[in-house]
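Read off the chains here:
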Amino acid sequence: MERIIEEIREDLSRRLAVAADRLADRTLAEDPAYAALLGRAELRERIHDTLQQAVEGLLRGARGLPVELAGARAVGALRAEQGLPLASLLRTHRRGGRLLWQSLTEAVTAHDRAALPGLLPGASVLWDVVDQMTDAMTESYRRTETAHGDRDRERRSALLDVLLDGADGPSATEAAAAAAAAAAVQLGLPERGRFTVVVLAAEGSGAPPAPPAPSAVPAPAPGSGVASAPRVLWRFRADGEVGLVELGHHPLESVRDLLAPLGVRAGVGPVVTAPAELPRAHRLAALALRTAPESEGPRTALLDERLPAALVAAQAELAGRLRQVVLGPVLALPAEDRRTLLTTLGTWLACQGSTTDAAQRLYCHRNTVSNRLRRMEQLTGRSLSDPRHVVELALAHAAVLQRVEAESVMRPAAPGSRTGRTSRTPGGTARRSPRRPV
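Residues numbered from 1 in each chain as written. Predicted model: local features only at pLDDT ≥ 70, side-chain atom pairs only at ≥ 80, totals over all residues. Heavy atoms only, no water.

## A few points about the overall build of the chain
1) Next: Along its length, the chain carries 17 helices and seven strands.
2) Next: Across the 438 residues of the chain, 41% fall into the buried class.
3) Next: When contacts within the chain are restricted to residue pairs at least 6 apart in sequence, long-range pairs at least 24 apart make up 70% of them. (Helix = DSSP H or I, 4+ residues; strand = E, 2+ residues; numbered from the N terminus. Buried < 20%, exposed > 50% of the residue type's maximum accessible area, 1.4 Å probe, protein only. Contact = heavy atoms within 4.5 Å.)

## Remarks on the sheet that holds strand β5 (residues 300-302)
1) Next: With respect to topology, five strands assemble into an open sheet ordered β2-β3-β1-β4-β5, the strand pairing being mixed. Lying at the two open borders of the sheet, with one neighbouring strand each, are β2 (231-237) and β5. Pairs of neighbouring strands in the sheet enclose a mean axial angle of 20 degrees, with direction left out of account.
2) Next: Where strand β1 (residues 195-201) and strand β4 (residues 266-268) come together, three bridges link them in antiparallel fashion. Its bridge partner lying in β4, Leu200 is registered against Ala266. (Pairing = 2+ DSSP bridges. Axes fitted to C-alpha atoms, helices over the stretch in contact; angles between N-to-C directions.)

## As for the pairing of strand β3 (residues 240-246)
1) Next: Counting buried positions over the seven residues of β3 gives six, a clear majority of the element.
2) Next: Bridge count between β1 and β3: seven bridges; the pairing is antiparallel. The residue bridging Phe195 from the neighbouring strand is Glu246, located in β3.
3) Next: Strand direction decides the pairing type here: β2 and β3, joined by seven bridges, are antiparallel. By the bridge assignment for β3, Trp234 is matched with Gly243.
4) Next: Counted along the chain from β2 to the antiparallel partner β3, the turn is two residues long.

## Details of helix α12 (residues 307-314)
1) Next: Among the residues of α12, those classed as buried are Ala309, Ala310, Val312 and Ala313. In a view along the axis of α12, the buried residues occupy a sector of 160 degrees, so they form one face of it. (Arc of directions from axis to C-beta.)

## Considering the packing of helix α8 (residues 122-165) against helix α9 (residues 174-186)
1) Next: In the contact formed by α8 and α9, the axes pass within 9 Å of each other and the chain directions differ by 140 degrees. Taken together, the axes of α8 and α9 lie oblique to each other. Of the two elements, α8 crosses α9, and the hand of that crossing is left-handed. Contact residues: Arg155, Leu159, Val162 and Leu163 in α8; Ala179, Ala180, Ala183, Ala184 and Gln186 in α9.
2) Next: Taken together, the residues of the contact of α8 with α9 break down into seven nonpolar, one polar and one charged. (Parallel < 35°, antiparallel > 145°, perpendicular 65-115°, else oblique. Left-handed = near helix turned anticlockwise from the far one by under 90°. Nonpolar A, V, L, I, M, F, W, Y, C, P; charged D, E, K, R; others polar.)

## Some words on unusual backbone geometry
1) Next: The backbone of Gln352 sits at a positive phi, close to 60 degrees, despite the residue not being glycine.
2) Next: With respect to the helices and strands, Gln352 occurs in the loop between α14 (335-350) and α15 (355-362).
3) Next: A positive phi angle, close to 60 degrees, is found at Tyr363, a residue other than glycine.
4) Next: Position of Tyr363 relative to the elements: it lies in the loop between α15 and α16 (366-380).

## Digging into the environment of Gly243
1) Next: Locating Gly243 in the fold gives a position in strand β3.
2) Next: In the structure, Gly243 is positioned 83 residues away from Leu160 in sequence and 9.2 Å away in space, judged by C-alpha atoms.
3) Next: Sequence-distant contacts of Gly243, defined by excluding residues within four places in its chain, comprise Thr196, Val197, Val198, Val232, Leu233 and Trp234.

If you want it as structure tokens, here you go:
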């Protein structure tokens, strides 16, 4: 077979040039991806080079030598960098393999028809060469595509860090403001608009929650008249996830609907109108998350709906004084009594001061709730009929919950411990669920 190919090499070279012209024209006519990316001369030259490499591979394969695949790898990497779909690349490569075999058989027939049977054993060698070139091209394409995707993700993460972690307000420099504006442009964000930031809590194991997938949020049905959801740019971090939300015309409350399918705890900052204000929205979103204890389960805490608790969370030293001054006598009780009174107070507050509703939620008699609340009044010296005292008790209770939450996060789980079938009450204590195990 080597002798046959050497005898027809000059004619084969002419035929390969014609095949490259035909394949380039067909590819540009039928494949919009190629047509948008390459000119005819460049495509034709690359196809011709690949056909010649395949012929050299055929000769090396016939001699039992390894096929040289550097050219195929270079093509795969180049097309991945250019953004050409892999399907387009492979389709053209397969067509080139068929044209090469057709050119070979035609050249041999024209030279010596009697030599045609001697070419047939080379068919399997040729297709093995084409397969090797295809595999090398595909592997190089995917490796380059992965690296390119990693670079894009790293670049996007860096841009998000500029927007989320930069300085704002009086401390912001002109350089920081310019960097934020440039990052916003590169992320496709408008100069002015409506934005907010979402902070998701890490799971109890210390690992961040699963990445939010677009499919996790149900899309509106076509023709339903429901507007599309806000755009969210996610930044994954070791201690949780942060989302930059471009609200557009959507209300801030739409973020709660957006996150509901994820089943996570989240804090949402206020609406800001410029990318340079996003660091403040980020800090306040993290503060909003601190007002949503893990004991309350998955929920989305909007800062503007939890301002009193956020005020307590923002002032750790004053929160400590508030706990001690207002609830010090209660906190000094034995653990069981302390949990009972704090649970009752938290439930009563959550029920907007309704003793009846609190009793139903706590599965006890209304008089029991009243007795516990009277004891709370006696211990604290504060009356639940005085609005000022109720505010103090509510803030102090929030401070207790936030401290318990912080301590539970810092405390390592006991080896072999298991989570019981318990549900959390607003007081931050555990009680046995009345539901039967399923």
